[in-house]
Amino acid sequence: MHTLLILNPGHFHAALVLRERHPSLSDDIYVYSEPGPDLDHFLEIAESFNNRPVNPTRWKLNVYRGKDCLEKLIHEQRGDIAVLAGRNNTKMKNIDTLNRAGLAILADKPWITGEAALPFLRSTMASDRPLAADIMTERYEIATLLQKKFLAEESVFGRIRIEEDAGPSVFMECVHHLYKIVNEKPLVRPAWYFDINVQGEGIVDTTIHLVDMIQWMLFPGNPIDYEKDIELNEARRWATGVPLDKFAKITGTHQFPQAVHEYVKDDILNYFCNGELIYHIKGVPVHLREIWNLDEPPGGGDTLRSLMKGTRSDLMIRQLPEQGFKSELLIVPGKNRRQVERAVQDCLRKWSDRYPGLSATPEKNALLIKIPDHLRTTHEQHFYQVRDAFLEHLNTDTEPAEHRACTIAKYTLLAEARKRALSAPFEMLH
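Residues numbered from 1 in each chain as written. Predicted model: local features only at pLDDT ≥ 70, side-chain atom pairs only at ≥ 80, totals over all residues. Heavy atoms only, no water.

A. Summary view of the packing of aromatic side chains. Overall, the coordinates contain 9 aromatic pairs when judged by the stated rule. An angle of 65 degrees between the planes, with centres 5.2 Å apart, marks the rings of Phe194 and Phe247 as edge-to-face. Of the two residues, Phe194 is situated in the loop between β9 (185-186) and α7 (207-218) and Phe247 in helix α9 (residues 244-251); the sequence distance between them amounts to 53 residues. Neither residue differs from the other here; Phe194 and Phe247 are each classed as buried. With 4.9 Å between their ring centres and 55 degrees between their planes, Phe194 and Tyr271 make a pair best called tilted. (Phe/Tyr/Trp six-rings, centres within 6.5 Å; stacked < 30°, edge-to-face > 60°. Helix = DSSP H or I, 4+ residues; strand = E, 2+ residues; numbered from the N terminus. Buried < 20%, exposed > 50% of the residue type's maximum accessible area, 1.4 Å probe, protein only.)

B. Structural detail: the sheet that holds strand β1 (residues 2-7). Strand order in the open sheet formed by 6 strands is β3-β2-β1-β4-β5-β6, and the pairing between neighbours is parallel. Of all strands in the sheet, those bounded by a partner on one side alone are β3 (60-65) and β6 (132-134). Ignoring which end each strand starts from, the neighbouring axes of this sheet average 20 degrees apart. Where strand β4 (residues 81-84) lies against strand β5 (residues 104-107), 4 bridges are found, and the strand directions are parallel. Bridge assignment links Ile81 to a residue of β5, and that residue is Ala104. (Pairing = 2+ DSSP bridges. Axes fitted to C-alpha atoms, helices over the stretch in contact; angles between N-to-C directions.)

C. The arrangement of the environment of Gln319 in detail. For Gln319, the position within the fold is in strand β15 (residues 313-319). Taking relative accessible area as the criterion, Gln319 reaches 18% and is therefore assigned buried. Linking Gln319 and Thr303, residues 16 residues apart in sequence, is a C-alpha distance of 6.2 Å. Apart from residues lying up to four places away in sequence, Gln319 is in contact with Asp302, Thr303, Leu304, Phe325, Lys326 and Ser327. One polar contact links the side chain of Gln319 to the main-chain amide nitrogen of Leu304, over a distance of 2.6 Å. Of the polar contacts made by the side chain of Gln319, one reaches the backbone oxygen of Phe325; its length is 2.8 Å. (Contact = heavy atoms within 4.5 Å. Polar contact = N/O pair within 3.5 Å; in protein donor to acceptor, adjacent residues only side chain to side chain.)

D. Looking closely at α9. Turning to α9, its buried residues number three or more, namely Lys246, Phe247, Ala248, Ile250 and Thr251. Elements in contact with the buried residues of α9: β7 (170-179), β10 (230-243) and β13 (284-295). Downstream of α9 by a residue or two, Gly252 has a phi angle that is positive, lying close to 75 degrees.

E. Main features of the pairing of β1. Burial runs high along β1: 6 of the 6 residues are buried. Burial along β1 is two-sided: the face carrying His2, Leu4 and Ile6 and the face carrying Thr3, Leu5 and Leu7 are both buried. Pairing between β1 and strand β2 (residues 25-33): 5 bridges, direction parallel. Bridge pairing in β2 places Ile6 opposite Val31. Relative to β4, β1 runs parallel, the two sharing 4 bridges.

F. Quick look at the packing of helix α6 (residues 142-151) against α7. The interhelical angle for the contact between α6 and α7, taken along N-to-C directions, is 35 degrees, at an axis separation of 9 Å. Taking contact as the criterion, the partners of Thr144, Leu145, Gln147, Lys148 and Leu151 in α6 are, on α7, Met213, Trp216, Met217 and Leu218. Considering only residue class, the contact of α6 with α7 consists of 6 nonpolar, 2 polar and 1 charged. (Nonpolar A, V, L, I, M, F, W, Y, C, P; charged D, E, K, R; others polar.)

G. Representation of the layout of surface pockets within the structure. Taken as a whole, the largest pocket holds about 920 Å³ of empty space. Of all the elements, helix α11 (residues 379-396) adds the most residues to the lining of the largest pocket, at 4 residues. For the lining of the largest pocket, the class distribution of residues is 12 nonpolar, 19 polar and 12 charged. Considering only enclosed or pocket space, the second largest pocket measures out at about 670 Å³ in volume. (1 Å grid on protein atoms, 1.4 Å probe; cavity = no way out; pocket = protein on both sides within 12 Å on 5 of 7 lines; lining within 4 Å. Points joined across faces, edges and corners; volume = space filled by probe spheres on them.)

H. Looking closely at the packing of helix α3 (residues 69-76) against helix α4 (residues 91-100). The geometry of α3 relative to α4 is characterised by a closest axis approach of 10 Å and an angle of 20 degrees between their N-to-C directions. Considering the angle they form, α3 stands roughly parallel to α4. As α3 packs across α4, the resulting crossing turns out to be right-handed. Where α3 abuts α4, its residues Leu70, Leu73 and Ile74 lie against Asn94, Thr97 and Leu98. (Parallel < 35°, antiparallel > 145°, perpendicular 65-115°, else oblique. Left-handed = near helix turned anticlockwise from the far one by under 90°.)

Right, here's the structure in full:
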């Protein structure tokens, strides 16, 4: 039986880890936090899981409030797994401290806000340390899972197509929204979320999901060495303008905090939440882009576009307004369309026990993989799925052989990307 210890839950992701019970988890949860609205919001969400009419949880929340919460957690050590989701400027140092104390770590991204945190990362990833893992929810999105499976089928995808001067072999773009609905309620973000020195910039934050997916999909089971396997070519960052009235709606705070004043002009905060990078990994050219808009489109949410070019066919993920922004996977065959179509049908039959109800429908020059609703899960559900996989590794005393090297490589890449992007001139939005 495992027991969770939650440190300073400043982000709603800390609560989503508790969305469902697990037979290997004690109902006792020990929370160590500084008092304030961050803690209050976490407790409100966690209690909503206990009080829901369908399949309620039974968490017993034992809360310690105090500025010495980290020291108190380590001294009492009433559990074996520390969960962190909150302020990112101190996160990696705290992860290393807790891990040194013998605790396994399950922590929200990003682990770093800049290169100063990399020594703590390398320390935590030492081979003799307890398991520490970041919460990579995008691995559990059904369209992404299917794209990965078709990528591994040479009869469908072939191999990665690398064409000189023909653009990237892999392109991914994710669009997020600062004001959004979570658990059927408007998401409240703390004011410090908009301080890039605390939250981190977009190029080291949500971009980590895309970097992680590249490693996980293209090189499964293979360790990645940043120095040997990755070459960063270009990186840039830019701001989304957040008007004061929208900032107040998102945070409940009616003034910009002093810490962000240097980025404010005419009551608009220049929030550097967008990032783009171009790099090679094991010789494969990759282009990634993360964009943050102010509001979700009607009926929509976060979206992902993904293109992987293969020698037999290309694999595409899209989310269209006319389809309710549901993620869709398309397979675009090259010259041997009929061979690819037969291979796709063979795969769907082979996977029918694990993914029942999948089908392929012709659409112009492509095959649309029809994904039934019963295979789809929400972003909120993905958090406990990550948690469950983490518990499985602990229960079986196993972890992916590539995990530690790949974790170091992906965060090192983004720290270097931020460093390069910062060298570009900054212009205030008008």
